[in-house]
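Tertiary structure, described
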Amino acid sequence: CTLLLFGTAYGGTLLGGERCTWGPAYWCQGVDTAKECGTIDHCAQNVWSKQEVKNDAVCDTCQEVVGLARLALSLNATEEAIKKEMKKACDVLHEGLQDECKTLLETFFPEFIKLLKSDLEPKALCQALHLCKQGVALQNTKGLHH
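The structure contained in this document is the topic of the report that follows.

Reading the values: rules and limits
- Residues numbered from 1 in each chain as written.
- Predicted model: local features only at pLDDT ≥ 70, side-chain atom pairs only at ≥ 80, totals over all residues.
- Heavy atoms only, no water.
- Helix = DSSP H or I, 4+ residues; strand = E, 2+ residues; numbered from the N terminus.
- Buried < 20%, exposed > 50% of the residue type's maximum accessible area, 1.4 Å probe, protein only.
- Contact = heavy atoms within 4.5 Å.
- Salt bridge = Lys/Arg side-chain N within 4 Å of Asp/Glu carboxyl O.
- 1 Å grid on protein atoms, 1.4 Å probe; cavity = no way out; pocket = protein on both sides within 12 Å on 5 of 7 lines; lining within 4 Å.
- Points joined across faces, edges and corners; volume = space filled by probe spheres on them.
- Core = buried A, V, L, I, M, F, W, Y, C linked by side-chain atoms within 4.5 Å.
- Axes fitted to C-alpha atoms, helices over the stretch in contact; angles between N-to-C directions.
- Parallel < 35°, antiparallel > 145°, perpendicular 65-115°, else oblique.
- Left-handed = near helix turned anticlockwise from the far one by under 90°.
- Nonpolar A, V, L, I, M, F, W, Y, C, P; charged D, E, K, R; others polar.

Structurally, the position occupied by Glu111 is in helix α7 (residues 95-116). The class for Glu111 is buried, based on a relative accessible area of 12%. The residues contacting Glu111, other than those within four sequence positions of it, are Val31, Lys35 and Ile40.

To continue, consider the pattern of salt bridges. By the definition in use, this model includes nine salt bridges. A salt bridge links Lys114 to Asp41, with the nearest nitrogen and oxygen atoms 3.4 Å apart. Of this pair, Lys114 sits in helix α7 while Asp41 sits in helix α4 (residues 40-46), placing them 73 residues apart in sequence. By relative accessible area, which is 42% here, Lys114 ends up partly exposed. Asp41 gets classed as partly exposed once you look at its relative accessible area, which sits at 39%. Where Asp56 meets Lys133, a salt bridge forms, and the shortest distance between an N and an O atom there is 3.3 Å. With Asp56 in the loop between α4 and α5 (57-74) and Lys133 in the loop between α8 (122-128) and α9 (136-139), this pair connects stretches of sequence that are 77 residues apart. Given the relative accessible area of 26%, Asp56 is considered partly exposed. For Lys133, a relative accessible area of 52% gives the class exposed.

Our next topic: empty space enclosed by the protein. All chains considered together, the criterion is met by one cavity of 30 Å³ or more. A volume near 310 Å³ is recorded for the largest cavity. In terms of lining residues, the largest cavity is bounded by 19 residues, among which Cys62, Met86, Cys90, Cys101 and Leu131 are the most central. Broken down by secondary-structure element, the contributors of at least two residues to the lining of the largest cavity are α5, α6 (79-91) and α7.

A few words now on the nonpolar core. Membership of the largest hydrophobic core comes to 35 residues, with the highest contact counts inside it found for Trp48, Phe112, Leu115, Leu116 and Leu125. Mapped by element, the contributors of at least two residues to this core are α2 (24-27), α3 (31-37), α4, α5, α6, α7 and α8. It is α7 that contributes the most residues to this core, eight residues altogether. Filtering out sequence-adjacent residues up to four positions away, Leu125 remains in contact with Val66, Arg70, Phe112, Leu115, Leu116 and Leu120.

Contact pair α5 / α6: the axes reach a minimum separation of 11 Å and the direction vectors enclose 160°. In terms of orientation, α5 lies roughly antiparallel with respect to α6. When the axes of α5 and α6 are compared, the crossing they make is right-handed. Contact residues: α5 offers Val65, Ala69, Ala72 and Leu73, while α6 offers Ile82, Met86 and Ala89. Its residues assigned to classes, the contact of α5 with α6 comprises seven nonpolar, no polar and no charged.

Structure, rendered in structure tokens:
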């Protein structure tokens, strides 16, 4: 009862009630949660760069697009020109991914550019966008601590 009154007296939010207070396990689930919590740099440097990533066709395509976008940046292409070319890349994906690709591009383009300019490997960047799956070796660690 005292905890409830204390929480209510100080704005009604209990410790842990805000998801961004949950730490890196929450923040670094993907670019969406990292953007929400303002932790893009932390996740890129301390989490995503160290994760094992599995390859598949979507992951491979994402990595190619990241490579081309980095090349365009190195050749001083504008961010708008890069965005335009990336929209074209979304159009060549199979129908199920075209809309998701365009939504990702519209929602997270500033974060994508920031990550492109970082040292983050293409696989890790694509995993942060949920386009590559995290490797099993790092994904299932619960069973290790009985």
